[in-house]
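For reference, the chains in residue letters:
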Number of protein chains: 2
Amino acid sequence: METATNLLSHPVDTVMGTLGLDTWNIKKLNPKFVRPVPKDIEIARSQKPKPINELSQEIGILPEELELYGPSKAKVSLKIIERLAHKKPGKYVVVVGITPTPLGEGKSTTTIGLVQALCAHLNRNTFAVVRQPSQGPTFGIKGGAAGGGYSQVIPMEEFNLHLTGDIHAITAANNLLAAAIDARMFHENTQSDEALFNRLVPKNKEGKRILSEIQKRRLVRLGITPPEDANSLSTEERKRFSRLNIDPSTITWYRVIDTNDRFLRAIEVGHGSQEKAPKFVRQTEFTITVGSELMAILALTTDLRDMKERIAKIVIASDKEGNPVTADDLGVTGAIAVLMKDTVKPNLMQTLEGTPVFVHAGPFANIAHGASSILADKLALKLVGENGFVVTEAGFGADIGMEKFFNIKCRYSGLVPDAVVMVATVRALKMHGGGPAVVAGNPLPHEYLNPNLDLVRAGCDSNLKKQIENAQKFNVPVVVCINRFSTDSQEELDLVVAKVKEFGAEGVVANHWAEGGKGAVDVAHALIDATTKTKSDFKFLYPLEKSIKEKIETIAKEIYGAGSVAYDELAEKKIQLYTNQGYSHLPICMAKTQLSLSHDPNLKGAPTGFTLPIRDIRISAGAGFLFPLCGDMTTMPGLGTRPCFFDIDIDPDTEIIDGHF
Amino acid sequence: METATNLLSHPVDTVMGTLGLDTWNIKKLNPKFVRPVPKDIEIARSQKPKPINELSQEIGILPEELELYGPSKAKVSLKIIERLAHKKPGKYVVVVGITPTPLGEGKSTTTIGLVQALCAHLNRNTFAVVRQPSQGPTFGIKGGAAGGGYSQVIPMEEFNLHLTGDIHAITAANNLLAAAIDARMFHENTQSDEALFNRLVPKNKEGKRILSEIQKRRLVRLGITPPEDANSLSTEERKRFSRLNIDPSTITWYRVIDTNDRFLRAIEVGHGSQEKAPKFVRQTEFTITVGSELMAILALTTDLRDMKERIAKIVIASDKEGNPVTADDLGVTGAIAVLMKDTVKPNLMQTLEGTPVFVHAGPFANIAHGASSILADKLALKLVGENGFVVTEAGFGADIGMEKFFNIKCRYSGLVPDAVVMVATVRALKMHGGGPAVVAGNPLPHEYLNPNLDLVRAGCDSNLKKQIENAQKFNVPVVVCINRFSTDSQEELDLVVAKVKEFGAEGVVANHWAEGGKGAVDVAHALIDATTKTKSDFKFLYPLEKSIKEKIETIAKEIYGAGSVAYDELAEKKIQLYTNQGYSHLPICMAKTQLSLSHDPNLKGAPTGFTLPIRDIRISAGAGFLFPLCGDMTTMPGLGTRPCFFDIDIDPDTEIIDGHF
């Protein structure tokens, strides 16, 4: 195993600015450890962050590559990837989890604890890459997502609130497209072919009808060569150009909002007198912004050009003849790209111990793929350099988050993962071993508060074993991080470590919640060891050229343990439609509960032989995946009777924020 | 008249940092003047802005008082007001307009041209304070709002897009309150008194029910002393505390979105199966964000404490007994304040000639009061100092914008205006003098392209005369700025100047659109002269203690020229309700068309004797005004057949944005 001492003797680039730093010289922050461990927000508040431009300098970012957003957040230029093109990338590590309880098992906390260990304690250049949280849950029930205890991103309130506005920009862009859809249908329904064409391509002062670039692209897609003056188009060509003929029943582009608003789950729009209700009234819905395709696009894009191309390809509906209607047909590609132009730059923040974090993109892990951005990972890999580590996170349980990380994110990025860190807790293992249900808001049953080796063992032999096997199917080494709770007994922890060994991986107990990076040093050592000894021989689970059904069935059987897959009529129809439209080559993004390896949240452990039901299949043609729905998926959380906003407050004099973030 | 040379000899503070600069030493930008005048975006793009921290230093802002948002925008700390408490404020000037054509007469352009003249050409410390534009119109029909020609705020795309996220923060805050309303009604309707109370005030580990601060405030409002443990409340007290009993038919809090989305003008929410439709389905609407009460609050607040108090007072509906239900009753005051904590800091940008601009708040001028923020004005007045100028803008025609600026904004700020600059154009005067209708999108009739002294004269004698008289009712000196168009003849311009003199004001022709600050130097001189010679003896139009009807009638008769006011039954009922609820002392914010002095957009010139219809009266109890609706007011713009987004694009390599912003 390579040690910190070895690393410190590595040569340091002298031309820091242009070549990047070989070993960073980071000013560590030393949080004061208090016992018992205080509330997250108190810990976050007690540690003053470094000015973010100081941190950026320490890790070799040039001043002109940094855009400050206040003193503790900054956007980082993508040009760094070019400047450091010659540099070998660092090790690429993904943090995943076993199937969690509804309380979560500390994946984010582990991600932050681990980078603090690697960077602040073992002096390895290390970046954490995490998702930006949605404000909906922040003000609803969940609280913040900046990690916890002494493993957090700071300042926590900046992390949990607007950050640099990326989610807001996505909301604006998404809703511009939504407004454009309804407005276009309205105008097509209320105007003659001639009036419509004349308005879409108005005469200029010389009487010519000049097409905009995006209008020319539509003509090309229709097989018509764009003329210099659109007056020369035939009546039939004008009609084909002007009428998108959207079939309202096929619209899959929804409005979004970053608020938990259950009454927007299903709404009727167009009740206004000017929209001539009820003719154009139609039912639609609002999705939470992080569930939007644009968020998935941001997370999967590789540069601004690629993002524009993905936006153009977004399919919002079919026309009345069954052809896909795209964002480009509606004329909004450029406007959406303009609204999202700053979102492509990753946001730099820091951990409680002063090490760097990229917070970038935050796609839902159910209807999207649940991982932070490819761009942030790529930037970070260049900045850490050959001896460094990038620790990125995959949402939900490994059966969803890890599978999508590998088959979707790594496929689009071309990046090869070097290791998996799988988070497990004694609590979740007991649940999988047959313990009683864990319900958010209710007190934990006694099984979870007192030692019970049988439950732990059964949990290891079912869920943990299967999730490790799943990781091994991708040929990537696995380190299991056992995230220690104060109620865990040493015997229970020892048992998990032994079981992990039996399953062919390395198991290490960590205590970063209470101890910060120091508590995860053993995990860090195991990770360094795993990535040094074992060369990752990464492979995908399925090739893209397989049929939609073959791909779904591979995931269902190999990862979930299903015996078979059953398709509803709607799903069958959609498979036919998307195959006809030429989208069958896309990877699959399963929308499934994270609370079970199966589709049924009540089936714990590692169920087998079940039939996985596919209710519907939808498309994110811009993001680049098909998402089958396994049962009902809520895409808009609600507010409970007493949302956490009752506790949130700000002192007008000190500007200190309080409440359960 | 004081000249630039005099000013330059004024003593300069030596301790710049703590006392503020007496005379700024600003590095002027010198845009290259091209003929014919290019498109706005081309001009904006051709001038590289100074780094915003350089400008902030030039005007005496300390580094710790600045929060950069990228290289060309920054938020400025309110603490400057305290630091410069000893400094005398500068002259306070408001730019207003005569009743405009639908094309607009260049108020923003004049504001920027005038500050460029004062600051870059006459070396007077001068700040422009303008509103942040809504993104709805930016992507719809209107294009940007950064001024025009050689009088603009740069970089234009930053100004027109997200800026520093203030509007997005308001959207999020507004919609959290909206979601809270529907969720609360849902939970009240589906739970027993006991279940509701137990969920609102859950037991802690010791079995006590601890009230949060905001819950204690509700009890106090109900006349109940908050106990340490809410278990001690009686059944009746628990019920009164838990049940807001909102009457759904009285809800006046709408969701908002910063997108022109006409299909959200009237919607039905709650069609989701989990909301047990159709029981809770109700009709509501989306308003454009800048039309929200929170935007008006941001514009009228005087500090963070005041903002929290205003948020707490927001009335969202009446309960079933006719009592107001507030945001504080719903428990969201603190959360909204937290979401809006950064919005209170004004945003610093610059003009094309490198002089400072605050861009802050952007309330609609119809259902809100249409002026930028009190805080930005106050900050700017301190920064410019005794010999400087702050030029702020009041939206729409002077009958609305100026009247509200004086009676609402100045009342809440305590600031006394030193002068009015009234923008007039030969085009608008011709319209008021009897010229044919001016329609956006249609070619201008020949009357507007060729000299016509009779139309100009009739326009002066009607609308211009009345608007000047209106300004004079407030005892403030008036300078009329005749914003020159290339089609104006010298005789027409001379006639307007002579007429203005006849009406007791100073008239000056300006050409800042084509010439930048240089083109407005004469206006600047006239303004310096007016504020030096005449001491403003400002007075309000009405005292607050008058009845709602008396206040409405004073505005209708004295400012609009109405003969009488007619109230619909709904309006009468609301006057009764708000008087009963104790809100009759609030100032009045008339919601009226800007296209006429009357409520009828077709009545040009200065109509008299008409009956002003009041359809409804609504309340913004937090912002602090009642707003009577004179006829139908659209609070959500729509998208036309060919919105301007068809032209908007970004080059992925250069990141240059194009399109008609």
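In the block above lies the structure referred to throughout.
Residues numbered from 1 in each chain as written. Chains lettered and ligands numbered in written order. Predicted model: local features only at pLDDT ≥ 70, side-chain atom pairs only at ≥ 80, totals over all residues. Heavy atoms only, no water.

(A) Structural view of the interface of chain A and chain B. On the side of chain B, 81 residues touch chain A, which itself brings 82 residues to the contact. Taking both partners together, chain A and chain B bury about 7200 Å²; carbon and sulfur atoms supply 65% of that area. Of all residues in chain A, Phe263, Thr641 and Phe646 of chain A give up the largest surface area on contact with chain B, accounting jointly for 11% of the area buried on that side. At the junction of chain A and chain B, the tally comes to 12 salt bridges. Lys308 of chain B serves as the salt-bridge partner of Asp649 of chain A, at 2.8 Å between the closest nitrogen and oxygen. Viewed at the interface, chain B and chain A are joined by 37 residue pairs in polar contact (both at pLDDT 80 or more). For the side of chain A that touches chain B, the per-class residue count stands at 39 nonpolar, 21 polar and 22 charged. (Contact = heavy atoms within 4.5 Å. Buried area = accessible area lost by both parts, 1.4 Å probe. Salt bridge = Lys/Arg side-chain N within 4 Å of Asp/Glu carboxyl O. Polar contact = N/O pair within 3.5 Å; in protein donor to acceptor, adjacent residues only side chain to side chain. Nonpolar A, V, L, I, M, F, W, Y, C, P; charged D, E, K, R; others polar.)

(B) Spatial organisation of the relation of the copies chain A and chain B. Relative to chain B, chain A is turned by 180° and slid 0.0 Å along the rotation axis, the superposed coordinates differing by an RMSD of 0.0 Å. Viewed as a symmetry operation, the transformation between the two copies matches a two-fold axis. Relative to the rotation axis, the C-alpha of Tyr69 of chain A is the closest in chain A, positioned 2.1 Å from it. (Least-squares fit on C-alpha atoms with pLDDT ≥ 70 in both.)

(C) Looking closely at the pattern of salt bridges. The tally for this structure, following the rule as stated, stands at 90 salt bridges over all chains. Between Asp261 of chain A and Arg255 of chain B there is a salt bridge, with its nearest N and O atoms 2.6 Å apart. Of this pair, Asp261 of chain A sits in the loop between β7 (255-257) and β8 (267-269) while Arg255 of chain B sits in strand β7 (residues 255-257), which puts the two residues in different chains. In this structure, Asp261 of chain A and Arg255 of chain B share a single accessibility class: buried. For the salt bridge of Lys499 of chain A with Asp461 of chain A, the shortest nitrogen-to-oxygen distance reads 2.9 Å. One end of the pair, Lys499 of chain A, is in helix α21 (residues 490-502); the other, Asp461 of chain A, is in helix α20 (residues 453-472), and 38 residues separate them in sequence. Under the relative-accessibility criterion, Lys499 of chain A is labelled buried at 10%. For Asp461 of chain A, a relative accessible area of 36% puts it in the partly exposed group. (Helix = DSSP H or I, 4+ residues; strand = E, 2+ residues; numbered from the N terminus. Buried < 20%, exposed > 50% of the residue type's maximum accessible area, 1.4 Å probe, protein only.)

(D) Focus on the environment of Arg209 of chain B. Residues and elements named next belong to chain B. Examined against the element boundaries, Arg209 turns out to sit in the loop between α10 (193-200) and α11 (213-221). Its relative accessible area of 8% is what places Arg209 among the buried residues. Arg209 sits 15 residues away from Glu194 along the chain, and the two C-alpha atoms are 13 Å apart. Setting aside its immediate chain neighbours within four residues, Arg209 contacts Phe197, Asn198, Val201, Pro202, Lys203, Glu228, Asp229, Ala230 and Asn231. Engagement of the side chain of Arg209 in a polar contact is seen with the side chain of Asn231, the distance being 3.0 Å.

(E) Focus on the nonpolar core. In terms of nonpolar packing, the biggest core is built from 172 residues, with Met422 and Leu464 of chain A together with Met422 and Leu464 of chain B touching the most fellow members. Once residues lying within four places of it in the same chain are set aside, the contact partners of Met422 of chain B are Val96, Gly97, Ile98, Ala398, Leu464, Gln467, Ile468, Ala471, Val478, Val479, Val480 and Cys481 of chain B. Counting 119 residues, the second-largest nonpolar core is a separate cluster that includes Ala146 and Val521 of chain A together with Trp253 and Leu375 of chain B. (Core = buried A, V, L, I, M, F, W, Y, C linked by side-chain atoms within 4.5 Å.)

The quantities given are spatial measurements derived from coordinates; they are silent on function.
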